[in-house]
Amino acid sequence: MHVFARALGVLICLGACGWPQQQSQPPSEVQRAIDEFKIQTANLGLRADSPVPAEQTRSLIRDWHGRLYENFRNNFMDAVPHEITQNGGDKGLLRRNQFGFNASGPLFIPRLTHGKSNTYLSLSFEGVRERIARTHLLTTPNTPQRTGDYSQVVDPAGNVLPIYDAGTTRANPAYDPSQSVSLTNLQYLRDPFPGNVIPASRLNPVAVRALQLYPQPNTDIGPFFQNNYFVDSPEINTANGMIGKVDHAFGERQHLYAEFAFSNGTLDTAKWFPTAANPGPSDRLFTSRRGSLQHVFTASAQTVNTATLETGSTTSRTGQGQAAYPVYQFDPYVSLGHSYPLASNANNSYTWSDAISAHLKQHSLQAAATYSFYQVNTFWPEYPDGWFQFSSGLTSLPGIIDTGDAFASFLLGAPQFAEQSFVTSPSYFRRNTASLALHDHYEPRRGLAIDIGVTIARYTPRVEKYDRQSTIDLTRINPANGRPGALTTANRNGESRGFRPALVRAAPSLGIAWNLTRDSKTVLRANYSRGYSSIPIYQGQFGTQGFNTYETFLSSNSQLQAAVPLTAQLPPPPHPPPDLRPDAANSTIADLIDATDRLPTYQSASLTIERELPGSIVVSVGASYSGGRNLLIGDSAADPNAIPPAALVYGNELYNLAFNQSLRPYPQFQGFELYGLYPLGRYRRDAGFVRVEKRASMGLALSAYYEFSKQLDDYSGPYGIQDFFNRQNDWSLTSYDSPQRLQVSYTYELPVGPNKPFLTYADWRRYLIDGWSFSGTATVYSGTPVALRPEFNNTGGVIPNLTVDVVPGVNPEVASPGPSLWFNPAAFTQPADFTMGDASRTNPTLRNPLAQNYDLSVSKRFALGAERAVEFNATGFDFLNHANWNDPDPLIGTPSAPNVDAGKIIGSRGGRVIQLSLRFSF
Amino acid sequence: MRWRWFLVLLALCATGAPPRGTFFQIRVPVWLEGDPDREVSAADFRATIDGAESRVVGVQCPDDEMILLLVLDLSSGDLTIIDPARQTLVDEIQKLPPKTYVGLLRSQDGLLVLSDPTTDRDALAGQIRSLTPNGKTGLLATVEPICRIADSMLKKSAVRTAVLYVTDGDVRNYREDFTNPVINSSDSHDLSRRFPETLVQEKIAKLDGVLAAQQAPMWIVDLNQRTDRLNEAYNNGLKQLAETTGGAAFFSRSTTEIPVAIRQSFQTVQSHYSLTLSLPERVGGRLQIRLSMVENNRSLSYRTHLVLPRR
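Residues numbered from 1 in each chain as written. Chains lettered and ligands numbered in written order. Predicted model: local features only at pLDDT ≥ 70, side-chain atom pairs only at ≥ 80, totals over all residues. Heavy atoms only, no water.

Engineer: Looking at this model, I keep getting lost on the overall build of chain B. Mind explaining?
Structural biologist: Of the regular secondary structure elements, chain B holds seven helices and 14 strands. A compact globule built from 311 residues would reach a C-alpha radius of gyration of about 19 Å, and chain B, at 21 Å, matches this within 12%. Over its C-alpha atoms, taken along the principal directions, chain B stretches across nearly 65 × 55 × 45 Å. Across the 311 residues of chain B, 64% fall into the buried class. Approximately 11,400 Å² of chain B is accessible, and the part contributed by carbon and sulfur atoms is 51%. Computing the positive centroid from 36 side-chain charges and the negative centroid from 37, chain B places the two 7 Å apart. (Helix = DSSP H or I, 4+ residues; strand = E, 2+ residues; numbered from the N terminus. Rg over C-alpha atoms; globule rule 2.2 N^0.38 Å. Buried < 20%, exposed > 50% of the residue type's maximum accessible area, 1.4 Å probe, protein only. Areas by Shrake-Rupley, 256 points an atom, 1.4 Å probe, with all protein chains shown as cover. Lys, Arg positive; Asp, Glu negative; His and termini not counted. Charge placed at Lys NZ, Arg CZ, Asp CG, Glu CD.)

Engineer: Before we go on, may I ask you to explain the overall build of chain A in this structure?
Structural biologist: Of regular secondary structure, chain A possesses nine helices and 41 strands. Viewed in the frame of its principal axes, chain A has a C-alpha envelope of about 130 × 70 × 60 Å. The buried share among the 922 residues of chain A stands at 50%. Put simply, 73% of the contacts in chain A that link residues at least 6 apart link residues at least 24 apart. Surface accessibility of chain A: about 40,800 Å² in total, with carbon and sulfur atoms responsible for 59%. Chain A carries 74 positive and 76 negative side-chain charges, and their two centres are separated by 10 Å. (Contact = heavy atoms within 4.5 Å.)

Engineer: Just checking my understanding: could you explain the domain arrangement of chain B for this structure?
Structural biologist: Interface size is commonly expressed as the accessible area that is lost once the parts come together. Residue and element names in this part refer to chain B. Per the domain assignment, the segments of chain B are domain 1 (21–61 + 277–308) and domain 2 (66–173 + 194–270). The gap between the C-alpha centroids of domain 1 and domain 2 is 25 Å. Between domain 1 and domain 2, the residue contacts involve twelve residues of the former and 17 residues of the latter. Summing both partners gives a buried area of about 1,200 Å² for domain 1 against domain 2, and 49% of it is carried by carbon and sulfur. The largest contributions to the domain 1 side of the interface with domain 2 come from Arg27, Trp31 and Arg303, which together make up 52% of the buried area. (Domains from an automatic or database assignment. Buried area = accessible area lost by both parts, 1.4 Å probe.)

Engineer: Honestly, the interface of chain B and chain A in this entry has me stumped. Any pointers?
Structural biologist: In this assembly, 87 residues from chain B lie in contact with 116 residues from chain A. Carbon and sulfur atoms make up 53% of the area that chain B and chain A hide from each other, which totals about 8,100 Å². In this assembly, chain B and chain A are joined by twelve salt bridges. The salt bridge involving Arg67(A) is made with Asp177(B); its shortest N-O contact spans 2.6 Å. The tally of links from chain B across to chain A stands at 43 residue pairs in polar contact (both at pLDDT 80 or more). Of the residues contributing to the side of chain B that touches chain A, the split by class is 31 nonpolar, 27 polar and 29 charged. (Salt bridge = Lys/Arg side-chain N within 4 Å of Asp/Glu carboxyl O. Polar contact = N/O pair within 3.5 Å; in protein donor to acceptor, adjacent residues only side chain to side chain. Nonpolar A, V, L, I, M, F, W, Y, C, P; charged D, E, K, R; others polar.)

Engineer: Can you walk me through the sheet that holds strand E8 (residues 160–167) of chain B in this structure?
Structural biologist: Sheet strands pair by backbone hydrogen bonding; their relative direction is either parallel or antiparallel. All names here are of chain B. If you walk across this open sheet you meet the six strands as E7-E6-E5-E8-E9-E10, and the pairing is mixed. Two strands lie at the open edges of the sheet, namely strand E7 (112–118) and strand E10 (249–251), each paired on one side alone. Neighbour-to-neighbour, the strand axes of the sheet open up by a mean angle of 15°, direction not taken into account. Sheet topology places strand E5 (residues 66–73) next to strand E6 (residues 100–106); seven bridges connect them, and they run parallel. Looking at E6, one finds that methionine 66 is bridged to threonine 100. Packing of helix H6 (residues 229–244) onto the sheet brings it into contact with strand E9 (218–222) and E10, and relative to E9 it is tilted by some 155°. (Pairing = 2+ DSSP bridges. Axes fitted to C-alpha atoms, helices over the stretch in contact; angles between N-to-C directions.)

Engineer: Hey, could you run me through helix H3 (residues 121–129) of chain B in this one?
Structural biologist: Quick reminder: α-helices carry 3.6 residues per turn. Residues three or four places apart thus point the same way. Residue and element names in this part refer to chain B. Those residues of H3 that sit buried are Arg121, Leu124, Ala125 and Ile128. Mapping the buried residues of H3 onto a view down its axis gives an arc of 100°, with all of them on the same face. Among the structural elements, E5, helix H2 (79–95), E6 and E7 are those in contact with the buried residues of H3. At the N-terminal boundary of H3, the capping side chain belongs to aspartate 120, with an oxygen 3.3 Å from the backbone nitrogen of aspartate 122. (Arc of directions from axis to C-beta.)

Engineer: Help me out: how do you make sense of the packing of aromatic side chains in this one?
Structural biologist: Centre-to-centre distance and the angle between the planes together describe a pair of aromatic rings. Residue and element names in this part refer to chain A. By the definition in use, this model includes 31 aromatic pairs over all chains. An angle of 80° between the planes, with centres 6.3 Å apart, marks the rings of phenylalanine 823 and phenylalanine 828 as edge-to-face. Accessibility expressed as a relative area gives 6% for phenylalanine 828, which makes it buried. Put simply, the rings of Tyr214, Tyr229, Phe273, Tyr325, Tyr328, Phe330, Tyr333, Phe388, Phe390, Phe407 and Phe410 pair up and form one aromatic cluster. Here arginine 462 stacks its cationic end above the ring of phenylalanine 429, 3.6 Å away from the centre of that ring. Here the guanidinium or amino end of lysine 465 rests over the ring plane of tyrosine 428, the centre of that ring lying 5.8 Å away. (Phe/Tyr/Trp six-rings, centres within 6.5 Å; stacked < 30°, edge-to-face > 60°. Lys NZ or Arg CZ within 6 Å of the ring centre and 35° of its normal.)

Engineer: Which parts of the structure should I look at to understand the nonpolar core?
Structural biologist: Within soluble globular proteins, side chains that are nonpolar generally end up buried alongside one another. By size, the foremost hydrophobic cluster in this structure holds 41 residues, and its most contacted members are Leu69(B), Leu139(B), Leu140(B), Ile146(B), Tyr165(B) and Met218(B). Mapped onto this core, the elements with two or more residues apiece are helix H2 (29–43) of chain A together with E5, helix H4 (139–156), E8, helix H5 (198–211), E9, H6 and E10 of chain B. Broken down by element, the residue count for this core peaks at nine residues, all from H4(B). Contact partners of Leu140(B), with chain neighbours within four places excluded, come to Tyr174(B), Phe178(B), Val200(B), Lys203(B), Ile204(B), Leu207(B), Tyr234(B), Leu238(B) and Leu241(B). Among the nonpolar cores identified, the runner-up in size contains 38 residues, and Ala210(A), Leu336(A), Ala418(A) and Phe553(A) belong to it. (Core = buried A, V, L, I, M, F, W, Y, C linked by side-chain atoms within 4.5 Å.)

Engineer: Would you explain the pairing of strand E22 (residues 522–532) of chain A in this entry?
Structural biologist: Side chains on a regular strand alternate between the two faces of the sheet. All names here are of chain A. Across seven bridges, the pairing between strand E21 (residues 503–515) and E22 is antiparallel. Directly across from tryptophan 514, in E22, lies its bridge partner leucine 524. A loop of six residues connects E21 with E22, the two strands running antiparallel in sequence, and serine 520 in this loop sits at a positive phi of about 60°. Here eleven bridges tie E22 to strand E25 (residues 601–613), and the two strands are oriented antiparallel to one another. Across the sheet, residue arginine 530 finds its bridge partner in E25, namely glutamine 603.

Engineer: What's the story with the environment of Arg229(B) in this structure? I'm lost.
Structural biologist: On the secondary structure map, Arg229(B) appears in helix H6. For Arg229(B), a relative accessible area of 27% puts it in the partly exposed group. Separated by 34 residues in sequence, Arg229(B) and Phe195(B) place their C-alpha atoms 9.0 Å apart. Aside from chain neighbours lying at most four places away, what touches Arg229(B) is Thr777(A), Arg194(B), Phe195(B), Pro196(B) and Glu197(B). Among the polar contacts listed, one links the side chain of Arg229(B) to the side chain of Glu197(B), at a separation of 3.0 Å.

Engineer: Is there a simple way to think about the packing of H5(B) against H6(B) in this case?
Structural biologist: Each packed pair of helices is defined by two parameters, the angle between the axes and the distance between the axes. All names here are of chain B. Contact geometry of H5 with H6 gives a least axis separation of 10 Å together with a crossing angle of 5°. Taken together, the axes of H5 and H6 are roughly parallel relative to one another. Of the residues in H6, those touching H5 at Val200, Ile204, Leu207, Asp208 and Leu211 are Leu230, Ala233, Tyr234, Gly237, Leu238, Gln240, Leu241 and Thr244. Partitioned by chemical class, the residues of the contact of H5 with H6 number nine nonpolar, three polar and one charged. (Parallel < 35°, antiparallel > 145°, perpendicular 65-115°, else oblique.)

Engineer: When you look at the environment of Ala277(A) in this model, what are you seeing that I'm missing?
Structural biologist: All names here are of chain A. Take alanine 277: it is sitting in the loop between strand E7 (254–268) and strand E8 (284–300). For the pair alanine 277 and phenylalanine 373, spaced 96 residues apart in sequence, the C-alpha separation works out to 40 Å. Apart from residues lying up to four places away in sequence, alanine 277 is in contact with Leu213, Tyr325, Leu336 and Gly337.

Engineer: Sorry, what's going on with unusual backbone geometry here?
Structural biologist: Peptide bonds are trans in most cases, and residues, glycine excluded, mostly fall at negative phi. All names here are of chain A. With an omega of 5°, the peptide bond between aspartate 331 and proline 332 qualifies as cis. By the secondary structure assignment, proline 332 is in the loop between strand E10 (327–330) and strand E11 (333–336). Cis rather than trans, the peptide bond between proline 577 and proline 578 has omega equal to 0°. Looking at where proline 578 falls in the secondary structure, it is placed in the loop between strand E23 (549–554) and strand E24 (589–591). Even without glycine at this site, methionine 698 takes up a positive phi of about 55°. As for its placement among the helices and strands, methionine 698 is situated in the loop between strand E28 (678–697) and strand E29 (700–713). Take methionine 698: its relative accessible area is 72%, and that puts it in the exposed class.

Engineer: I keep staring at the pattern of salt bridges and nothing clicks. Help me out?
Structural biologist: Proximity of charged atoms lets side chains of opposite charge pair with each other. For the coordinates displayed, the defined rule picks out 52 salt bridges over all chains. Residues Glu252(A) and Arg106(B) are paired through a salt bridge, measuring 2.5 Å at the closest nitrogen-oxygen approach. You can see Glu252(A) sitting in the loop between strand E6 (229–250) and E7 and its partner Arg106(B) sitting in strand E6, one on each of two chains. What makes Arg106(B) buried here is its relative accessible area of 8%. Taking the shortest distance from any N to any O, the salt bridge between Asp686(A) and Arg684(A) comes out at 2.9 Å. A residue is classified by how much of its surface remains accessible, and Arg684(A), at 39% relative accessible area, is partly exposed.

Engineer: Explanation requested: the confidence of the model for chain A in the structure shown.
Structural biologist: Atom-level detail of predicted coordinates should not be read off regions where pLDDT is low. Per-residue confidence for chain A averages 90 on the pLDDT scale, and 95% of its residues sit at or above 70. Predicted confidence for residues 1–24 of chain A stays below pLDDT 50, and this span has 28 contacts to residues more than four positions away or in other chains. (pLDDT = per-residue confidence, 0-100.)

Quick look at the structure:
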């Protein structure tokens with residue numbers, strides 16, 4: 001065939017290119033080479049005037065490339081996770097198969113493409129079938145406790161926890177209001193239950209019935225009666241998806257690219273309880289659809305225009321066909337039922353953009369216009385069957401911490417708070433962003449490049465398709481009390497559709513790249529940029545309160561009075577939705593949409609020097625700064641309706657709801673729900689780094705990155721900030737600040753095999769020896785700051801996120817930090833009642849344990865000719881089976897009731913996971 | 001009809017026997033340090049292949065004729081990168097010695113000849129300046145045929161032949177998928193993408209096996225070195241492929257380095273010698289090549305390995 005093909009090529013070439021000039025003389029060496037070039041390129045159809053080679057039309061398979069693969073995981077290959085071992089358990093179930101294919105190549109359509117195609121197609125499919133055990137270690141009340149017998153129940157210090165009878169509450173005639181409440185100066189007297197046992201006759205029948213769905217403890221990890229319910233339940237995950245890509249060239253100047261993707265998934269979640277009262281998440285259905293179309297037009301070699309249209313849609317539905325159940329919450333025990341049991345959400349986005357690039361002398365200019373439109377359609381009632389929250393207050397000795405128990409309050413049917421969601425319709429939220437970006441790349445002289453850019457963007461606020469949005473207008477007078485702050489609804493009574501104006505911002509950027517040496521082996525880079533981000537639309541029906549009622553029941557005094565008796569069903573709302581009265585949100589935690597012109601703002605600057613060294617090594621050293629303000633934060637970090645800390649002087653009076661509420665700036669509201677969308681946070685991060693990259697030589701490629709950084713902010717953390725009125729007081733290390741981070745990744749191809757320096761066997765042994773390679777990553781990062789928390793919070797709800805007090809003169813560090821004692825808890829103490837803690841939100845010196853992870857992948861490739869291969873791969877995640885310590889217990893108790901576990905590390909986490917893969921590529 | 005099949009069989013048999021000079025001689029790119037003006041001849045070199053003495057039968061020097069196959073793989077559409085590259089290429093081609101022929105091809109959206117090897121610098125400059133600066137990256141898809149073509153030219157002629165790729169491509173911009181993108185976003189336990197470089201490494205391994213048997217040296221200039229993990233693996237792969245053929249890869253980390261990288265590549269290509277070595281009988285597999293100067297007063301760098309089919 002080659003003879004004929006070559007002869008054909010010669011004829012074609014000679015016909016197309018003319019006979020060699022020196023027909024009568026022997027061709028020169030160069031001419032012979034050029035002739036060979038012409039022949040070969042003609043044979044392969046690589047010339048613009050080449051006829052379609054006959055064989056190409058018959059070799060569709062040859063022109064297509066791709067792969068078939070299967071990734072396999074099974075618990076028999078994995079190590080027992082450390083956290084399971086410590087709980088006395090064995091490996092959880094794991095069966096996972098991930099399989100798929102990819103194929104790409106020219107699209108030939110008989111009689112249409114005539115053997116030569118300008119259209120290329122790529123298709124990828126992947127399926128997942130997984131069954132995996134989910135484990136949780138929880139705390140449930142023990143068997144006597146469920147019958148009201150608290151005679152053996154102890155507090156975290158091991159002392160018997162006294163339970164008081166709210167029915168015996170009476171004022172203490174000897175109470176001295178000028179002194180703080182204490183055991184010797186009680187404001188209210190209350191008798192403990194005889195023998196610390198609640199009589200059976202006093203148990204609430206609804207609570208007793210609910211307990212039938214509440215499983216008994218099944219383990220005894222401790223300390224004391226904690227960590228006594230171990231969940232090991234399977235989760236089933238199924239998914240199928242496909243990505244298709246098409247590109248077509250219309251001549252040399254126009255290209256069209258199209259892409260589509262879809263994925264369908266189901267998640268049968270692990271059941272924490274085998275009953276209808278399961279507090280674990282609901283089952284979910286996912287779909288994802290994505291498509292894009294891009295047209296690239298090359299007007300000239302100096303001017304390119306790119307137009308793109310993208311669209312995407314993701315949907316998730318939870319709890320379909322599952323029975324809902326009220327939520328009974330009584331910390332620290334695991335709840336009954338769960339929030340958002342039934343939901344349906346869709347996120348859609350549409351983006352159009354056009355970018356044009358042009359080159360003029362020393363300037364490369366680019367202008368890009370983008371318009372994005374976002375939709376979130378959401379139906380997400382939080383508590384359709386009610387939420388009952390119980391606290392220790394109603395079974396405590398009023399004003400005295402470490403008395404009473406939330407579960408005991410549940411047994412007595414005395415919630416401190418109750419709520420029910422009445423969501424009548426889905427919400428259809430929309431917003432858009434339009435931007436124009438201008439950029440100039442300017443090279444004033446050799447070795448120096450300057451990039452200047454600016455992006456001008458217009459951000460519109462969220463609107464609802466049918467204007468079913470509401471918020472609290474903080475300036476509007478509330479008719480109920482004549483104070484500012486009333487419910488207002490979108491596009492009514494002069495209100496705008498989005499409650500805040502559309503905002504226009506200009507974001508500049510500047511970059512310099514400068515070759516410091518003539519050999520261009522040293523580059524200095526300096527960059528500065530400032531940017532803004534829009535306020536996103538989250539799933540959920542936040543900001544629709546007038547249209548979707550959240551009926552709430554509040555206790556007038558959480559230590560004296562239940563919010564509502566525990567019954568099978570909460571009373572119906574007095575004003576069924578829609579309830580758009582200005583005072584309709586009174587006495588609730590009202591949804592507050594920020595109406596200011598604040599937008600999250602970011603700023604960053606960096607300086608880097610890169611140097612290329614002998615041995616294919618590149619070293620980069622740099623420093624960077626980044627900061628931000630107006631970052632989006634939630635309820636734990638901002639509260640526009642907080643009570644000023646000065647009100648702590650009122651002491652136990654603060655438990656009187658009416659009095660407590662009167663101290664709030666907007667007393668008609670219990671609080672504000674901000675939904676993580678309140679633009680008030682600040683952060684700053686400074687970092688220095690070294691990066692070393694060794695490019696591949698002798699089969700080894702290596703990359704290492706080390707960073708030293710410090711990040712501070714006024715919002716992060718597991719518990720929230722203490723002082724809403726002076727945010728500077730909460731300016732401390734970011735809760736996830738990890739000051740040192742080292743990451744190493746490497747690839748090594750073993751130098752053995754027929755084409756390698758060693759063991760160059762040509763016989764059957766080459767199949768065993770050839771094609772081995774290793775890849776790995778190692779990551780080590782230092783611990784995050786310890787965030788301490790007092791065990792009790794007796795501040796009358798004024799300081800919801802209390803920190804601890806520092807004990808002067810006591811070193812918080814221990815000589816040899818270890819699991820038995822990581823830090824010295826004696827250096828901290830519980831703040832006195834009705835005072836703020838004086839320690840910072842995150843400790844400036846104490847760090848949680850560092851974490852490390854090592855992954856390794858071993859591959860063996862079997863070549864099946866030049867184009868085909870089978871590759872077997874074994875990957876070990878955490879392959880050293882290294883355990884990372886858990887964080888130490890951060891709860892600090894009182895001197896009389898210390899947390900015996902404070903400062904101790906209980907357990908570790910991690911465990912080797914193995915995945916085997918087989919891939920055939922062609 | 002049977003006689004036709006007989007002829008086809010006969011033709012296949014004829015093609016099965018390699019022509020003389022194809023198997024028993026190899027070409028090795030060499031660089032000499034020291035006095036560039038001093039002339040060298042075959043007698044100045046001593047060569048061994050797998051430890052056995054080999055005769056140097058010819059030397060092509062930097063002053064001799066050369067055919068450079070310049071393959072442009074400009075697919076990013078980023079004129080801040082492509083324009084300085086085009087200008088530098090034009091400048092460097094203008095500076096080439098008269099005996100250097102340049103063949104011009106583009107590889108984005110598939111390999112295509114733009115100009116047969118020629119010394120017409122102005123025509124080449126015009127082709128380079130007018131080249132479409134976007135499309136699908138094509139280096140990995142075209143490197144094998146272009147090296148085979150160059151190899152075939154080397155075998156047909158004593159003239160030096162080299163391949164130079166100039167690319168700004170992103171590994172994500174290939175028609176063939178090397179990125180292994182997430183397909184099922186709801187699959188939260190997917191660990192198969194923790195080592196995203198696997199696919200590109202596999203492709204490089206396949207190509208490396210093919211290029212190890214090609215004798216024409218290849219150079220690659222990456223105009224836009226990217227530092228994400230996937231492109232790092234891609235860049236390492238480009239370097240490996242170029243070095244397998246005896247060439248080298250140059251990387252530009254910023255637009256200011258583009259002229260330097262291209263200039264260095266032209267200098268290295270232009271300064272290479274091409275030695276023709278005769279092979280011992282029955283040699284095959286991976287050949288270890290060792291070269292030295294008879295007078296031993298100039299240091300050498302050269303391709304040290306070549307894979308030949310076993311006979």
